[in-house]
Amino acid sequence: MNAAAWAFIVLFISAAIVLTARYFSLARIRSSKSALTASKEYRSLADEYRRLSDVAITANEHVDLRLTDLSVRVDSLKDQLDQMQRILKEVE
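(A) Up close: the overall build of the chain. Broken down by element type, the chain carries 1 helix and 0 strands. Here the C-alpha radius of gyration of the chain, 40 Å, is well above what a compact globule of 92 residues would show, namely 12 Å. In terms of overall dimensions, the chain has C-alpha extents of about 135 × 10 × 5 Å along its principal axes. If you sum the accessible surface of the chain, you get close to 8700 Å²; carbon and sulfur atoms cover 65% of it. Across the chain, the mean location of the 13 positive side-chain charges is 22 Å away from that of the 12 negative side-chain charges.

(B) Structural detail: the pattern of salt bridges. Under the definition given, this model contains 2 salt bridges. Note that arginine 51 is salt-bridged to glutamate 48, the shortest N-O span being 2.9 Å. One end of the pair, arginine 51, and the other, glutamate 48, are both in helix α1 (residues 3–91), 3 residues apart, so they sit about a helical turn from each other. Look at arginine 51 and you get partly exposed, because its relative accessible area is 44%.

(C) Seen up close, the environment of threonine 20. Residue placement: threonine 20 occurs in helix α1. The exposure class assigned to threonine 20 is partly exposed, which follows from its relative accessible area of 40%. With 68 residues separating them along the chain, threonine 20 and leucine 88 place their C-alpha atoms 100 Å apart.

(D) Spatial organisation of the packing of aromatic side chains. Enumeration over the complete set of coordinates arrives at 1 aromatic pair. Ring plane angle 65 degrees and centroid distance 5.5 Å describe the contact between tyrosine 23 and phenylalanine 24, whose orientation is recorded as edge-to-face. On the basis of relative accessibility, which here comes to 52%, the residue tyrosine 23 falls in the exposed class.

Calculation criteria
Residues numbered from 1 in each chain as written. Predicted model: local features only at pLDDT ≥ 70, side-chain atom pairs only at ≥ 80, totals over all residues. Heavy atoms only, no water. Helix = DSSP H or I, 4+ residues; strand = E, 2+ residues; numbered from the N terminus. Rg over C-alpha atoms; globule rule 2.2 N^0.38 Å. Areas by Shrake-Rupley, 256 points an atom, 1.4 Å probe, with all protein chains shown as cover. Lys, Arg positive; Asp, Glu negative; His and termini not counted. Charge placed at Lys NZ, Arg CZ, Asp CG, Glu CD. Salt bridge = Lys/Arg side-chain N within 4 Å of Asp/Glu carboxyl O. Buried < 20%, exposed > 50% of the residue type's maximum accessible area, 1.4 Å probe, protein only. Phe/Tyr/Trp six-rings, centres within 6.5 Å; stacked < 30°, edge-to-face > 60°.

Keep in mind these values describe shape, not function.
Structure, rendered in structure tokens:
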């Protein structure tokens, strides 16, 4: 083989190495961008879940307070009804 053939082979191998390295570096950049997007999406979903969880807890606490209030009112009405029944029995 002559010098021109060796030069062509060396040039071809060098170009193949450069192109392969560039391909792998671009593939790594793409995968890191997708991982970053996935982690941002995950964080966004986790924040939304926390917000909904807080809203549900707040709503549950509100319902508990209302039920307690209603229970107190029912007890008060029972006491008033008992007093009315005693009065009616005394009147008879």
